[in-house]
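The primary structure of each chain is shown beneath.
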Amino acid sequence: MCRGDLNQMIVLNNRSKNDYKSDNVIENLLYQNYVDDPRMYMYGAHEHDVKLKNIERAVEVFKNVTSKSNCTIGIVVDSDVDGYTSAGLLCRGINQYNPDINIKCYLHEEKTHGLNNDIGLWNELDQLSMVIVPDAGSENANEARMLYDHGIAVIVLDHHTDIIESDYSVIVNNQLDNYPNKALSGVGVTYKFLKELGVDVSEWMDLVALGLVADLMDIRDIENKFLINRGLNNIKTPIIKALIKNYHTIKGLGFSVAPYINATIRVGSIQVRQLLFKSIAGYTTAVEDDLLLESMKECKRIQSELVEKLKELNIITHKENIVISEDPYCMEKAKNVYGLLASQIMERVKVPVCVVGNYNNVYSGSCRSPVSIKDLINNSGLAVAKGHNKSFGITIDDRKTFNDLNALLSGETDKLNRDVTTVNYIVDQNDINASLIKKLAEFNKYVGKGILPCSILIKDLDIYAKAMKNDTVSFNINGVKCIKFKTPEDMRNIMNTNNINIVAVPEINTYNGVEYPQLGILKYEINER
């Protein structure tokens, strides 16, 4: 008989040979994550030698417009990290191409996207020669027509799948035609445009890496791997350098940099957001960057408080296989954190989650899902979903639709193997040692969207020397520390037993400059005899 949170079927990855002692363990782990040519991925990452559709035409339009005197370009700054890095990279590139070109950048008042009516350019059409929309705009055909009618050229540098091609804008989007990298983000498309323009972007590759990682693009594509490597090897942007510190890894960008920028975009004042964008675009002084860093930390704190307030409202309601969370108060800035809250709930319940608020009798908010459901929702006519396939904004006209959405999505979520835990290796406890765990932990530098951390199962583990401090449980296996932070109360009975099964992730813990291999416990199971 067993007790614990490991009440699932445990299976070995279907690509694993359980050869955890192999010298090629990193290649093996990449292969288990469906990187079919691990050695090329590790040592020969490169850009795809294919041009994006319409990119030559976009460069031609850009050169034609900017060749005229008194040219002013309006750049729309989309409301997420990929949007800010895309627009910031574009500003830097245009300044290098021709510093005499006038640039006006337009931030959204709310967390909206594309050529929305909440950006100031609509009040300044007479001042603009061209509008460039990075990381958005592919579906803004009507707005592009309005700009065209005012004699304004429009270039879109986007990666989203909702595309309406028209004669009034030039759309460069990696989803068009057969461009091999469908996981390129807005900043990646912007990079391609500037490169085609003849701009040397080598000093700003950290912006490209950050945008790709923050937008959760699949890093298994060899081009994304190449671009991220270049960025991590040359971090120049002061605010990125200050946040990432010495952790120049994918995880460092994803967990130390992106959350602070996202929090600032979500809850920061327009003044702080403008300062953030100026920093990314290279327009700030060192003093301004120091002030910005403090403001970003405050935004992160405010965001956390706001999410906790929403949780305290007990707005979570479970309906079959979808969780719909309704915010009845619609507090100021609350809508901007619905996506974050949906992500946190989804991580726990492993089903699609929508967090919405009632805004003038229209329910709008964000949805996060472990499976692709955006097209399913749009095709049903029950709601309008815009964004990525698993992460998108949602608008529902009638609250009665909630039940219909549950019924629609229940079939999709039933396909999820929520009762299965997959591990890369099943390791004999006698083989656990510092050298093995350090070798497995080296894989962490490859971990990101599409590439999961290495996880191992250790069965019938005899433990005797255990420690408990606050909510942290720890013990040792052959000199390797096993640790579980934020341990729930029902797991603390691990202290009263001597034989368990655990699923754990090999890690390197750095303390006082010294690296220690350890195992981070994900799940456990007590063997009762």
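Definitions and cut-offs
Residues numbered from 1 in each chain as written. Predicted model: local features only at pLDDT ≥ 70, side-chain atom pairs only at ≥ 80, totals over all residues. Heavy atoms only, no water. Pairing = 2+ DSSP bridges. Helix = DSSP H or I, 4+ residues; strand = E, 2+ residues; numbered from the N terminus. Axes fitted to C-alpha atoms, helices over the stretch in contact; angles between N-to-C directions. Contact = heavy atoms within 4.5 Å. Parallel < 35°, antiparallel > 145°, perpendicular 65-115°, else oblique. Nonpolar A, V, L, I, M, F, W, Y, C, P; charged D, E, K, R; others polar. Salt bridge = Lys/Arg side-chain N within 4 Å of Asp/Glu carboxyl O. Buried < 20%, exposed > 50% of the residue type's maximum accessible area, 1.4 Å probe, protein only. Expected span 1.5 Å × (residues − 1). Bend = angle between axes of the 7 residues up to and from the residue. Core = buried A, V, L, I, M, F, W, Y, C linked by side-chain atoms within 4.5 Å. Phe/Tyr/Trp six-rings, centres within 6.5 Å; stacked < 30°, edge-to-face > 60°. Right-handed = clockwise from strand over helix to strand, strands pointing away. Left-handed = near helix turned anticlockwise from the far one by under 90°. Polar contact = N/O pair within 3.5 Å; in protein donor to acceptor, adjacent residues only side chain to side chain.

Asks: Just to check I follow, could you spell out the sheet that holds strand β4 (residues 102–107) for this structure?
Replies: Two orientations exist for strands paired in a sheet by backbone hydrogen bonds: parallel and antiparallel. Strand order across the open sheet formed by five strands is β4-β3-β5-β6-β7, with parallel pairing between neighbours. Strands at the two margins of the open sheet, each flanked by one partner only, are β4 and β7 (170–173). Sheet twist, expressed as the average angle between the axes of neighbouring strands with direction ignored, equals 15°. Where strand β6 (residues 153–158) and β7 come together, four bridges link them in parallel fashion. From the neighbouring strand, Asp158 faces β7, where its bridge partner is Asn173. In this fold helix α6 (residues 186–197) packs onto β5 (130–134), β6 and β7, with an angle of close to 125° to the strand it touches most, β6.

Asks: Explanation requested: the packing of helix α4 (residues 81–97) against α6 in the structure shown.
Replies: Any two packed helices are characterised by the angle at which their axes cross and by the distance between the axes. Relative orientation of the contacting elements α4 and α6 amounts to 10°, with a least axis distance of 8 Å. Put simply, α4 runs roughly parallel to α6. Of α6, the residues touching α4 (which contributes Asp82, Thr85, Ser86, Leu89, Leu90, Gly93, Ile94 and Tyr97) are Gly186, Val187, Thr190, Tyr191, Phe193, Leu194 and Leu197. A breakdown of the residues in the contact of α4 with α6 according to their chemical character gives nine nonpolar, five polar and one charged.

Asks: Explanation requested: the pattern of salt bridges in the structure shown.
Replies: Opposite charge on two side chains makes pairing possible when the charged atoms of those side chains draw close. Using the criterion set out here, one finds 19 salt bridges in the structure. Of the charged contacts in the structure, one is a salt bridge between Lys51 and Glu196, with a shortest N-O distance of 3.0 Å. With Lys51 in the loop between α2 (38–43) and α3 (55–66) and Glu196 in helix α6, the pair connects residues that are 145 residues apart, well separated along the chain. For Glu196, a relative accessible area of 27% corresponds to the partly exposed category. Note that Glu294 and Lys297 form a salt bridge whose closest N and O atoms lie 3.8 Å from each other. Placement of both Glu294 and Lys297 in helix α12 (residues 286–312) is noted, with a separation of three residues, approximately one turn of the helix. Taken together, the shared-partner salt bridges connect Glu47, Lys192, Lys195 and Glu223 into one network.

Asks: What exactly am I supposed to notice about helix α11 (residues 270–281) here?
Replies: Because each turn of an α-helix spans 3.6 residues, side chains separated by three or four positions end up pointing in the same direction. Compared with the 16 Å implied by 1.5 Å per residue over 12 residues, the 16 Å span of α11 between its first and last C-alpha is a close match. For α11, every residue scored as buried is listed here: Val272, Arg273, Leu275, Leu276, Phe277, Ser279, Ile280 and Ala281. A positive backbone phi angle near 85° is found at Gly282, which sits one or two residues after α11.

Asks: I keep staring at helix α10 (residues 250–267) and nothing clicks. Help me out?
Replies: Over its 18 residues, α10 runs 25 Å from end to end, which matches the ideal 26 Å to within 8%, given 1.5 Å per residue. Of all the bends found along α10, the most pronounced is centred on Ala258 and spans about 40°, while Pro259, a proline, follows it within four residues. The set of residues buried in α10 consists of Ile250, Gly252, Leu253, Val257, Ala258, Ile261, Asn262, Ala263, Thr264, Ile265, Arg266 and Val267.

Asks: Got a minute to help me understand the environment of Asn178 in this structure?
Replies: Its location among the elements puts Asn178 in the loop between β7 and α6. C-alpha of Asn178 to C-alpha of Lys53: the two residues are 125 residues apart in sequence and 8.8 Å apart in space.

Asks: Help me out: how do you make sense of the nonpolar core in this one?
Replies: Side chains that are nonpolar tend, in soluble globular proteins, to be buried together. Among the nonpolar cores identified, the biggest contains 120 residues, and Phe62 and Ile456 are the most heavily contacted of them. Among the elements that take part in this core, helix α7 (residues 205–214) stands out by supplying eight residues, more than any other. Filtering out sequence-adjacent residues up to four positions away, Ile456 remains in contact with Val423, Tyr425, Val427, Ile432, Ile437, Leu440, Ile502, Val503, Ala504 and Leu519.

Asks: Could you clarify how one ought to interpret the pairing of strand β14 (residues 420–423) in this entry?
Replies: Within a regular strand, side chains alternate between the sheet's two faces. Residues Thr421 and Val423 point to one face of β14 and are all buried, whereas Val420 and Thr422, pointing to the other face, are not buried. As defined by bridge partners, strand β2 (residues 9–12) adjoins β14 across four bridges and the pair is classed as parallel. Paired with Val11 across the two strands is Thr422, which belongs to β14.

Asks: Explanation requested: the packing of aromatic side chains in the structure shown.
Replies: Under the criterion given, the structure shown has six aromatic pairs. Aromatic pair Phe62 and Tyr97: ring centres 5.5 Å apart, planes at 65°, arrangement edge-to-face. With a gap of 35 residues between them, Phe62 in helix α3 and Tyr97 in helix α4 connect regions that are remote in the sequence. By relative accessible area, which is 0% here, Phe62 ends up buried. Among the residues examined, Tyr97 registers a relative accessible area of 32% and is labelled partly exposed. Measuring from centroid to centroid gives 6.0 Å for Tyr84 and Phe277, while their planes differ by 85°, and the two rings are edge-to-face. Of this pair, Tyr84 sits in helix α4 while Phe277 is found in helix α11, placing the two residues 193 residues apart along the sequence.

Asks: For this particular structure, what's the right way to read the pairing of strand β16 (residues 456–462)?
Replies: By the bridge criterion, two bridges tie strand β15 (residues 425–426) to β16 in an arrangement that is parallel. Note on β16: the bridge partner recorded for Ile426 is Leu457. Once you follow β15 into helix α16 (residues 434–441) and on to β16, the crossover reads as right-handed. Relative to strand β20 (residues 499–511), β16 runs antiparallel, the two being bridged by five bridges. Looking at β20, one finds that Ile458 is bridged to Ile502.

Asks: Help me understand the packing of α4 against α7 in this model?
Replies: Between α4 and α7, whose axes approach to 8 Å, the crossing angle comes to 160°. In terms of their interaxial angle, α4 and α7 are classed as roughly antiparallel. Of the two elements, α4 crosses α7, and the hand of that crossing is left-handed. Each of Val81, Asp82, Thr85, Gly88, Leu89 and Arg92 in α4 lies in contact with α7, whose residues at this interface are Leu207, Val208, Leu210, Gly211 and Ala214.

Asks: Would you mind going over the side chain of Lys374 with me for this structure?
Replies: With respect to the element layout, Lys374 can be found in helix α14 (residues 374–380). Engagement of the side chain of Lys374 in a polar contact is seen with the side chain of Thr161, the distance being 2.8 Å. Lys374 has contacts with Thr161, Asp162, Ala385, Lys386, Gly387, His388, Asn389 and Phe392, leaving out every residue within four places of it along the chain.

Asks: Quick question: what am I supposed to make of the side chain of Thr72 here?
Replies: Here Thr72 shows up in strand β3 (residues 72–77). Residue classification places Thr72 among the buried positions, given a relative accessible area of 10%. When residues no more than four places from it in sequence are discounted, the contact partners of Thr72 are Asn102, Lys104, Gln127, Leu128, Ser129 and Met130.

Asks: Just to check I follow, could you spell out unusual backbone geometry for this structure?
Replies: Backbone phi values are negative for most residues with the exception of glycine, while trans is the configuration of most peptide bonds. Residues other than glycine seldom take positive phi values, yet Leu216 does so here, at roughly 55°. Of note, Leu216 is situated in the loop between α7 and α8 (222–232). The phi angle at Asn478 is positive, at roughly 50°, despite the residue not being glycine. Here Asn478 shows up in the loop between β18 (472–477) and β19 (480–484).

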